[in-house]
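Here is what each chain is made of, one letter per residue.
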Amino acid sequence: PAAEAGLYTASDQIVLLSQQNVGSVLVNSSAATVVEFYASWCGHCISFSPIYKKLARDIKEWKPAVNIAAVDCAADENIQICMNYKISGYPTIKFFHAYSTADSAGVPYRGFSRDVRNLRQRIIDSLESHGEPWPPACPPLEPTSETEINNFFETNTVQHLALIFEDAKSYIGREVILDLLQFENVTVRRVLNTESGLVAKLGVTEFPSCYLYYPDGNFTRLRVNFEARAFYSYALQRLPGVIRSGKPPPVTMELVKNSTQEPWRPFDRSRVYMADLESALHHSLRVELAVQSVIKGDSMIALKSYISVLAKYFPGRPVVMNLLKSLNSWLKNQTVDQISYKAFKENVDNTAQVPDAALPEGVRWVGCQGSQPHFRGYPCGVWTLFHVLTVQASNTGDSDPQEVLTAMRNYIHSFFGCRYCADHFENMARESLEVVNTLPSSVLWLWSRHNRVNNRIAGDLSEDPYFPKIQWPSPEVCPSCHMLKDNGEHGWNENQVLTFLGSYFSSSRILLDYLE
Ligand code: FAD
């Protein structure tokens, strides 16, 4: 309940401190921890909370070295914690070293600015001056030297050594080092522009710039749209052989084929497949809904709007559209406030034999195939389905901007099997769905919330190592979607993203391969 009342929830990737966990999070932890002590009634804290949430998302990859936490000092049960740490004003931010003792008071960030970049740089300053014992997950942050690089491969077996050349004031090198700390087969070091031997050897003229350096002394410049943190991190995380630590190493496609029950279906990763959309419909209408033997109340409303949106916007084959339309008119004609799933299913299966109307049975994942049977599949199909629907609705030009998103929200809330996912999605919808007031913004809302989810679950056990969760689309797929803001931060060019989504999910680009 305290967490609910406070300004943050666990899905913000912020550790919520309480009397129960404060000892284990702040005392003798192997990670350093940044803590915001706030009061949920304080206006400054409320206006700062989106920035703190953004910071937590921004440095999510640094977690094993530095964690982000918060505690609501206005909650009765936390008063003792805030008294122990002698908090007298809100918000107060403190840095706790790794392996802090129980009497450590933390180092306050005085006069911190309300800006993600500035906070991130202060965290780096704190880490650099951390002293022993150093957080074990934190790679070295100090600049490297020519001697060290010359001897690097004698003691290291990593595949890629990335060198970021920059001036002493730049934080990019250290940010990228931390962004990559959860990845194997790549080591990142910063080289100062004053390291003249290395600068001359590689012929470096631009600062910052990034080079890949190999054991045989060969090197190449890393190609990126912009010489900036996000672009280096995107590119380095996706180098061949680079994988997240703790993930099974990539196997050859032969093994992938053998590990799934079905034959692997080669596909183009940059395309949407009708087979995935029809498979998602099959699973949704014949499996997911089937657990509710009677559908009534909110579930009935959710089902009606879902089927109505499908009948209107699903860009399906004629036989599937006929089925969806007849299902929709049957459902609309139901005047009673509840139906049995059995009756619904008869219509899905077209037992009345409406001519040329059918939804193929079974699933056949293509673009949503996973490298193991438990990866991807249905949830991938659900995302794809609703992205397609928002884009289709947006093309009609005169629909209600919230129609598809509300249908999705209600479907997920009433039926989506992953209840934990459904709760998070509902939180996001509650937080910001009401601001969607144009069709383009509905397409962008779903894209950006999907990226939120990607950010939150990147690296989880459920992630298919072949399909790492990234902020999508990557700069390789859509260079113009990405931009560099004046302050050097990564930004999305939303107009370009919209154009990209409009084409990526457009009905005319959907591939019909592997359909029955
Ligand atoms: P998915 O994330 O399923 O994406 C499918 C495809 O969509 C990708 O391959 C890519 O081509 C494209 N894509 C990726 N990002 C975007 C984007 N931002 N905009 C448009 N297209 C994009 N899992 C959890 O562990 N925890 C959760 O809380 C959770 N919540 C979920 C909520 C919803 C509503 C749904 C539908 C799923 C949720 N899942 C959650 C499942 C998770 O998001 C993935 O669907 C699942 O892990 C399969 O991932 P995937 O690699 O197939 O990619």
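Scoring rules and cut-offs
Residues numbered from 1 in each chain as written. Predicted model: local features only at pLDDT ≥ 70, side-chain atom pairs only at ≥ 80, totals over all residues. Heavy atoms only, no water. UniProt positions renumbered as here; feature names shortened; annotations may be inferred. Helix = DSSP H or I, 4+ residues; strand = E, 2+ residues; numbered from the N terminus. Patch = residues over 30% accessible without salt bridge, like charges linked within 9 Å, V, L, I, M, F, W, Y side chains within 5 Å. Areas by Shrake-Rupley, 256 points an atom, 1.4 Å probe, with all protein chains shown as cover. Salt bridge = Lys/Arg side-chain N within 4 Å of Asp/Glu carboxyl O. Buried < 20%, exposed > 50% of the residue type's maximum accessible area, 1.4 Å probe, protein only. Disulfide = S-S within 2.5 Å. Contact = heavy atoms within 4.5 Å. Near = heavy atom within 4 Å. Polar contact = N/O pair within 3.5 Å; in protein donor to acceptor, adjacent residues only side chain to side chain. Nonpolar A, V, L, I, M, F, W, Y, C, P; charged D, E, K, R; others polar. Pairing = 2+ DSSP bridges. Axes fitted to C-alpha atoms, helices over the stretch in contact; angles between N-to-C directions. Parallel < 35°, antiparallel > 145°, perpendicular 65-115°, else oblique. Expected span 1.5 Å × (residues − 1).

- As named in an unreviewed UniProt entry, the protein chain is Sulfhydryl oxidase, taken from Cyprinodon variegatus.
- One UniProt comment on the protein chain, placed under Subcellular location (unreviewed entry), says "Secreted".
- UniProt, in the comment section headed Sequence similarities (unreviewed entry), describes the protein chain in these words: "Belongs to the quiescin-sulfhydryl oxidase (QSOX) family."

**Regarding unusual backbone geometry**
For step 1, the next point in the chain: Cis geometry is found at the peptide bond from Tyr-90 to Pro-91, where omega equals -15°.
For step 2, the next point in the chain: Mapped onto the elements, Pro-91 comes out in the loop between helix H4 (79-84) and strand E4 (92-96).
For step 3, the next point in the chain: The omega torsion of the bond from Trp-472 to Pro-473 falls at -5°, within 30 degrees of zero and hence cis.
For step 4, the next point in the chain: Of note, Pro-473 is situated in the loop between helix H18 (439-457) and strand E14 (482-484).
For step 5, the next point in the chain: The phi torsion at Asn-185 lies on the positive side, around 75°, for a residue other than glycine.

**A short note on a nonpolar patch on the surface**
For step 1, the next point in the chain: Together, Phe-226, Met-483 and Leu-484 line one region of the surface with nonpolar side chains, adding up to about 200 Å² of accessible area.
For step 2, the next point in the chain: Within the element layout of this structure, Met-483 appears in strand E14.
For step 3, the next point in the chain: Residue classification places Met-483 among the partly exposed residues on the basis of a relative accessible area of 31%.

**Observations regarding the state of the cysteines**
For step 1, the next point in the chain: By the definition in use, this model includes 5 disulfides.
For step 2, the next point in the chain: Here Cys-478 connects covalently by a disulfide to Cys-481, the sulfurs 2.1 Å from one another. What sets the handedness of the Cys-478 and Cys-481 disulfide is the S-S torsion sign, and at about 80° it is right-handed. Both residues of the pair, Cys-478 and Cys-481, count as buried.
For step 3, the next point in the chain: Numbered in order of appearance, the disulfide-bonded cysteines of the protein chain are paired 1-2, 3-4, 5-6, 7-8, 9-10.
For step 4, the next point in the chain: Considering cysteine sulfurs only, Cys-210 is the nearest to Cys-138, which forms no disulfide, with 18 Å between them.
For step 5, the next point in the chain: By relative accessible area, Cys-138 is classed as buried at 5%.
For step 6, the next point in the chain: By relative accessible area, Cys-210 is classed as buried at 0%.

**Some remarks on the environment of Leu-192**
For step 1, the next point in the chain: Looking at the secondary structure, you find Leu-192 in strand E8 (residues 186-192).
For step 2, the next point in the chain: Among the residues examined, Leu-192 registers a relative accessible area of 17% and is labelled buried.
For step 3, the next point in the chain: For the pair Leu-192 and Leu-163, spaced 29 residues apart in sequence, the C-alpha separation works out to 9.9 Å.
For step 4, the next point in the chain: What Leu-192 contacts, discounting residues up to four positions off in sequence, is Pro-143, Glu-166, Asp-167, Ala-168 and Val-199.

**Comments concerning the site of the ligand**
For step 1, the next point in the chain: The environment of the ligand is formed by 25 residues, the closest being Arg-376, Trp-383, Trp-447, His-450 and Asn-454.
For step 2, the next point in the chain: A distance of 2.9 Å is found between a nitrogen atom of the ligand and a backbone nitrogen or oxygen belonging to Trp-447.
For step 3, the next point in the chain: When isolated, the ligand has an accessible area of 940 Å², and the protein chains bury 91% of it.
For step 4, the next point in the chain: Mapped by element, the contributors of at least two residues to the shell around the ligand are helix H15 (378-396), helix H17 (419-432) and H18.
For step 5, the next point in the chain: Looking at the shell around the ligand, the element that brings in the most residues is H18, giving 7 residues.
For step 6, the next point in the chain: Residue composition of the shell around the ligand, grouped by class: 16 nonpolar, 6 polar and 3 charged.

**Regarding the sheet that holds strand E6 (residues 160-166)**
For step 1, the next point in the chain: Spatial strand order, E8-E6-E9-E10: 4 strands in an open sheet with mixed pairing. Since the sheet does not close on itself, it has two edges, and those belong to E8 and strand E10 (219-221), each with one partner. Across the sheet, the mean angle from the axis of one strand to that of its neighbour is 25°, orientation sign disregarded.
For step 2, the next point in the chain: Its contacts with the sheet put helix H7 (residues 172-179) on E6 and E8, and the angle it makes with E8 is roughly 170°.
For step 3, the next point in the chain: Each of E6, E8 and strand E9 (209-213) is contacted by helix H9 (residues 229-237), which is oriented at about 20° to E9, the strand it contacts most.

**Let's talk about the packing of helix H5 (residues 116-128) against H7**
For step 1, the next point in the chain: It is at 11 Å that the axes of H5 and H7 come closest, and there the two elements cross at 80°. With respect to each other, H5 and H7 are oriented roughly perpendicular. Taking contact as the criterion, the partners of Arg-120, Gln-121, Ile-124, Leu-127 and Glu-128 in H5 are, on H7, Arg-174, Glu-175 and Leu-178.
For step 2, the next point in the chain: Grouping the constituent residues of the contact of H5 with H7 by class yields 3 nonpolar, 1 polar and 4 charged.

**Side note on H15**
For step 1, the next point in the chain: End to end, H15 covers 27 Å across 19 residues, agreeing with the expected 27 Å (1.5 Å per residue, within 8%).
For step 2, the next point in the chain: Directly beyond the C-terminal end of H15, a positive phi value near 85° is found at Gly-397.

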